[in-house]
Amino acid sequence: MFSNSSLYVPVLVCLLSVLCYQLVQFIMYMDLNKRVYNHVPGECNNIASMDNGAVDMQLLSQSSGVLLVSAGLRLYNTSYSNKTGAIYAYNITSRTSWEVTLDSKTLSKKNFNPHGISVWENRQGKITIFVVNHRNKKADTVEIFKYQETEREKKLVHLKTVKSPLLTNLRDVAAVGPEKFYATSYHYFNNPTMQSVEVMLGLRLGSVLYFDGSNTTYAHRWIGSPTGIALDKSKKYIYVASFTEGKIYVFTLEKDGNLTMKGEIELKTSPYNIVVDDLTSDLYVGCQPVKMRFFRHEASPKEYYAPSQIIKVHGRPTTMKWTFSEVFANDGATISGATVGVRYKNMLLIGSAFNSMLACNLDAPNLL
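First, a word on scope: everything that follows refers to the structure included in this document. Quantities reported herein were computed from a predicted structural model and do not represent experimental measurements.

Ordered by their spatial adjacency, 4 strands build an open sheet running β2-β3-β4-β5, and the pairing between neighbours is antiparallel. Each end of this open sheet is capped by a strand with a single partner; those strands are β2 (56–59) and β5 (96–99). Each neighbouring strand pair of the sheet contributes to a mean axis angle of 25°, computed without reference to strand direction. As defined by bridge partners, β2 adjoins strand β3 (residues 66–71) across 4 bridges and the pair is classed as antiparallel. Paired with Met 57 across the strands is Val 69, a residue of β3.

Strand order in the open sheet formed by 5 strands is β6-β10-β9-β8-β7, with mixed pairing between adjacent strands. Both outer strands of the open sheet, β6 (101–103) and β7 (114–121), are each paired with one neighbouring strand and no more. Across the sheet, the mean angle from the axis of one strand to that of its neighbour is 30°, orientation sign disregarded. Pairing between strand β8 (residues 127–134) and strand β9 (residues 140–149): 7 bridges, direction antiparallel. Bridge pairing in β9 links Asn 133 to Thr 141.

Turning next to the state of the cysteines. All told, the structure shown has 1 disulfide when counted by the stated rule. Two residues, Cys 44 and Cys 360, share a disulfide whose sulfurs are 2.0 Å apart. Given an S-S torsion of about 115°, the disulfide between Cys 44 and Cys 360 has right-handed geometry. In this pair, Cys 44 is assigned in strand β1 (residues 44–46) and Cys 360 in strand β25 (residues 358–361), connecting sequence segments 316 residues apart.

Under the counting rule described, the total for this entry stands at 13 salt bridges. The residue Lys 291 makes a salt bridge to Asp 31 at a minimum N-O spacing of 3.5 Å. On the criterion of sequence distance, the pair formed by Lys 291 in helix α3 (residues 291–299) and Asp 31 in the loop between α1 (4–29) and β1 is long-range, its members being 260 residues apart. For Lys 291, a relative accessible area of 5% translates into the label buried. For Glu 149, the salt bridge identified is with Lys 154, shortest N-O distance 3.7 Å. Salt bridges here are not isolated pairs; linked through shared partners, they connect Arg 204, Glu 245, Lys 247, Glu 264 and Glu 266.

The rules behind each value
- Residues numbered from 1 in each chain as written.
- Predicted model: local features only at pLDDT ≥ 70, side-chain atom pairs only at ≥ 80, totals over all residues.
- Heavy atoms only, no water.
- Pairing = 2+ DSSP bridges.
- Helix = DSSP H or I, 4+ residues; strand = E, 2+ residues; numbered from the N terminus.
- Axes fitted to C-alpha atoms, helices over the stretch in contact; angles between N-to-C directions.
- Disulfide = S-S within 2.5 Å.
- Salt bridge = Lys/Arg side-chain N within 4 Å of Asp/Glu carboxyl O.
- Buried < 20%, exposed > 50% of the residue type's maximum accessible area, 1.4 Å probe, protein only.

This is a description of form; function is not addressed.
This is how it looks when you write it as structure tokens:
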């Protein structure tokens, strides 16, 4: 017969083994085993006039060279607040910027807190802008604007505010028509403590929502912390970034608005925003190579910095064959927690939620 004490040792060893395994898994999940080496595609300079953050950016068109920038993000579950939220325009060629005027009876500086942004242009050249707006601690909305440009000013004429109980914890929006869009819901829970648990444990509780012009519904559920979302150039597929899973989901758009899974793009880094190049259909993805440092930076941007990374993904959703290149990487000293990258000709524009925009020359664009 075995004594009780003789059973303690194997049980204790098993428990310690499980704990060690879980600890190693957590370290790997939080990317604490990673080290970031600085890499630039050419000379990079901060854009001093764009120091209000640039959490998301979209080109109005390739011909205009004008970049719309979502700036001044205020995250209510953090101890830090940026300046007043606004949409800026940045002319890449002339390197000039200006705040785009809001023409609205319901929106003001107090309740306009932009996050993700999307541009829709119809065949007649009419441009509609969609913006994720964190109006207050309890409500997220999607604001729809008409972009109007005259010799005297450029402004956003407010057309519509889309509200729904489903539109919570939004991060990004992808327009698929003049009044239709998909949006990502980053968290399932509204309680800040439960949101932290959700992210720390990598729970797949996020979702993609669809607004058909009248109603908001779930297009796809149970994604790990979805952040960026972007429409493919062919308008047949849509890309959704999963921050905690380190991958991009590729969906086929159905006529009824539902999404059918096409496949996954494994990145092995945490993607935030996705920008589809209008000319090449390549994806430029703002990434966080070390999750733990990004979480600390997001909570206290002035106290902690986080590494930045821009990944170019080349391929087609029809074949689901992809190649990858790291266009930019930084330990956080130059730009912290990059969320988006946009290529225009031989320039790469990089934005983050709390830092100045960065403009980098592409010394060898054909190699990228």
